[in-house]
Amino acid sequence: MQEHRWYLKVLKRVMMANLLIIVLVIQVMGSGFRMEANGLDMNYYVMSCPSVEPVVKNIVNRALQDDPTLAAALLRMHFHDCFIQGCDGSILIDSTKDNTAEKDSPGNLSLRGYEVIDEIKEELERQCPGVVSCADILAMAARDAVFFAGGPVYEIPKGRKDGRRSRIEDTINLPLPTFNASQLIKAFAQRGFSAQDMVALSGAHTLGVARCASFKNRLNQVDPTLDSQFAKTLSRTCSSGDTAEQPFDATRNDFDNVYFNALVRKNGVLTSDQTLYASPLTRNIVNAYAFNQAMFFFDFQQAMVKMGLIDVKDESNGEVRQNCRRIL
């Protein structure tokens with residue numbers, strides 16, 4: 001009964017918040033983007049593994065019912081995968097005695113949710129052995145996590161292959177929580193994103209938390225971009241140590257535009273959050289998303305589809321792993 005009520009609550013919230021988004025997505029799909037992008041295909045598994053979508057959705061749904069914080073974890077994992085070596089599932093690979101993998105870099109140690117991807121992969125290997133890549137599973141899981149948290153409905157092309165490289169030294173290219181707007185714009189531009197794409201993707205921080213270690217630098221001296229009362233809140237959080245967690249906004253498990261309203265009030269947690277409002281380069285975008293959630297949802301789903309196309313692997317330079325944690 002509790003599970004049924006939770007599911008009805010999610011459906012009601014999504015239906016109310018996303019009616020406009022669904023219409024917009026249908027328009028986009030009808031514009032010709034539906035079939036292929038960068039060699040990928042919306043219907044890639046329709047013949048080879050027709051059960052892939054319900055398998056991913058059901059397992060993600062169950063995981064989020066047990067632990068709603070996993071929505072942020074799965075979304076963040078997808079981002080950290082795509083930004084390093086492209087969307088190739090390299091973040092999922094375990095370290096070995098001969099190689100320290102991406103997941104063991106300092107910037108990735110707080111990632112979680114690997115067991116959800118493992119469960120999906122195991123079920124798909126039972127139903128469609130050797131067909132569905134870990135890279136596609138991660139992209140679909142992030143998409144469904146956004147949906148079940150109340151975010152926009154969007155579809156993604158599939159057919160990514162899994163990469164064969166995962167090295168700690170590559171993670172130096174991850175954007176840092178201390179970046180200002182100019183640095184963020186540059187980092188995202190190198191991967192083909194506009195400033196608006198970057199702000200929309202930053203809106204993923206509507207879910208989840210940050211650890212004190214990533215924002216305590218703002219408390220060492222007066223930060224004019226930080227509200228004084230909120231600074232006291234952050235200080236109280238950090239009194240419990242570097243691993244203490246601070247939600248990015250007041251609705252940490254709900255995908256909405258509350259994050260952008262927090263930035264307007266100077267309540268951004270990270271330097272890289274608040275800089276989006278402090279900088280004239282991006283302030284108008286933040287204001288627009290704070291005012292219009294539907295605009296944020298639409299731009300976010302467009303940017304997510306775009307992110308999922310970064311440096312995708314094909315048969316020539318990738319594989320389909322049997323176990324997401326190990327290269328074949």
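Treat the numbers as computed from the prediction; the structure is a model and nothing was measured.

K.L.:
Outline the side chain of Ser-214, supporting the account with residue identities and numerical values.
P.N.:
Position of Ser-214 among the secondary structure elements: in the loop between strand 3 (209–211) and helix 8 (228–238). Contacts of Ser-214, omitting those with residues within four sequence positions, involve Pro-177 and Leu-270.

K.L.:
Would you mind going over the state of the cysteines in detail, with residue names and values included?
P.N.:
Disulfide: a covalent bond connecting the sulfur atoms of a pair of cysteines. Considering all chains together, one arrives at four disulfides under this definition. Covalent S-S linkage joins Cys-82 and Cys-87, the inter-sulfur distance amounting to 2.0 Å. Between Cys-82 and Cys-87, the S-S dihedral sits near 120 degrees, and the bridge is therefore right-handed. Each member of the pair, Cys-82 as well as Cys-87, carries the same accessibility label: buried. Linked covalently through their sulfurs, Cys-134 and Cys-324 form a disulfide whose S-S length is 2.1 Å. In this structure the cystine formed by Cys-134 and Cys-324 twists about its S-S bond by roughly -95 degrees; its chirality is therefore left-handed. Of this pair, Cys-134 sits in helix 5 (residues 134–148) while Cys-324 sits in the segment after helix 12 (293–307); the two residues are 190 residues apart in sequence, bridging distant segments of the chain. Taken individually, Cys-134 and Cys-324 each receive the classification buried, so the pair is uniform in this respect. Cysteines bonded in the protein chain are numbered consecutively along the chain; their disulfide partners then correspond to 1-4, 2-3, 5-8, 6-7.

K.L.:
Break down the environment of Asn-217 for me, with residues and values.
P.N.:
Mapped onto the secondary structure, Asn-217 falls in the loop between strand 3 and helix 8. Accessibility expressed as a relative area gives 34% for Asn-217, which makes it partly exposed. Spatially, the C-alpha atom of Asn-217 lies 8.5 Å from that of Thr-178, the residues being 39 residues apart in sequence. The residues contacting Asn-217, other than those within four sequence positions of it, are Thr-178 and Thr-271.

K.L.:
Explain the packing of helix 7 (residues 195–202) against helix 12 to me, and be specific about the residues and the numbers.
P.N.:
Where helix 7 meets helix 12, the closest approach of the two axes is 8 Å, and the angle between their N-to-C directions is 105 degrees. Looking at the two axes, helix 7 sits roughly perpendicular to helix 12. Across the interface between the two elements, Gln-196, Asp-197, Ala-200 and Leu-201 from helix 7 touch Phe-296, Asp-299, Phe-300, Ala-303, Met-304, Lys-306 and Met-307 from helix 12.

K.L.:
Give me the lowdown on the nonpolar core, citing residues and values where you can.
P.N.:
Counting 76 residues, the largest nonpolar core has Val-60 and Ile-120 as the members making the most contacts within it. By residue number, the principal contributor to this core is helix 5, which donates 11 residues. In this structure, Ala-210, Leu-226, Cys-238 and Phe-248 belong to the second largest nonpolar core, which totals 11 residues.

K.L.:
Residue-level account of the packing of aromatic side chains, with values.
P.N.:
Under the definition given, this model contains 15 aromatic pairs. Both rings, one in Phe-255 and one in Phe-300, keep their centres 4.9 Å apart while their planes meet at 55 degrees; by these two values the pair is tilted. Here Phe-300 lies in helix 12 and Phe-255 lies in the loop between strand 4 (245–247) and helix 9 (258–264), a separation of 45 residues in the sequence. Accessibility expressed as a relative area gives 3% for Phe-255, which makes it buried. Overall, the relative accessible area of 0% leaves Phe-300 in the buried class. The ring of Tyr-114 carries Lys-103 above its face, with NZ or CZ at 4.1 Å from the centroid. Its guanidinium or amino end placed over the ring of Tyr-277, Arg-283 lies 5.7 Å from that ring's centre, counting from NZ or CZ.

K.L.:
If you had to explain the pattern of salt bridges to someone new, which residues and values would you point to?
P.N.:
Across all of its chains, the model carries 22 salt bridges by this definition. Among the ionic pairs, Arg-62 bridges to Glu-119, the shortest N-O distance being 2.9 Å. Here Arg-62, found in helix 2 (residues 52–66), pairs with Glu-119, found in helix 4 (residues 114–127); they are 57 residues apart in sequence, far enough to count as distant. According to the relative accessible area criterion, Arg-62 is partly exposed, its value standing at 43%.

K.L.:
Go over helix 4, please, and point to the residues and values.
P.N.:
In this model helix 4 runs 20 Å from its N-terminal to its C-terminal C-alpha over 14 residues, within 8% of the 20 Å that 1.5 Å per residue would give. All buried positions along helix 4 are accounted for by Tyr-114, Val-116, Ile-117, Asp-118, Ile-120, Lys-121, Leu-124 and Glu-125. Each element contacted by the buried residues of helix 4 is listed here: helix 2, helix 3 (70–82) and helix 5.

Here is what the cut-offs are and how they apply
Residues numbered from 1 in each chain as written. Predicted model: local features only at pLDDT ≥ 70, side-chain atom pairs only at ≥ 80, totals over all residues. Heavy atoms only, no water. Helix = DSSP H or I, 4+ residues; strand = E, 2+ residues; numbered from the N terminus. Contact = heavy atoms within 4.5 Å. Disulfide = S-S within 2.5 Å. Buried < 20%, exposed > 50% of the residue type's maximum accessible area, 1.4 Å probe, protein only. Axes fitted to C-alpha atoms, helices over the stretch in contact; angles between N-to-C directions. Parallel < 35°, antiparallel > 145°, perpendicular 65-115°, else oblique. Core = buried A, V, L, I, M, F, W, Y, C linked by side-chain atoms within 4.5 Å. Phe/Tyr/Trp six-rings, centres within 6.5 Å; stacked < 30°, edge-to-face > 60°. Lys NZ or Arg CZ within 6 Å of the ring centre and 35° of its normal. Salt bridge = Lys/Arg side-chain N within 4 Å of Asp/Glu carboxyl O. Expected span 1.5 Å × (residues − 1).

Treat this as a map of the structure, not an account of what it does.
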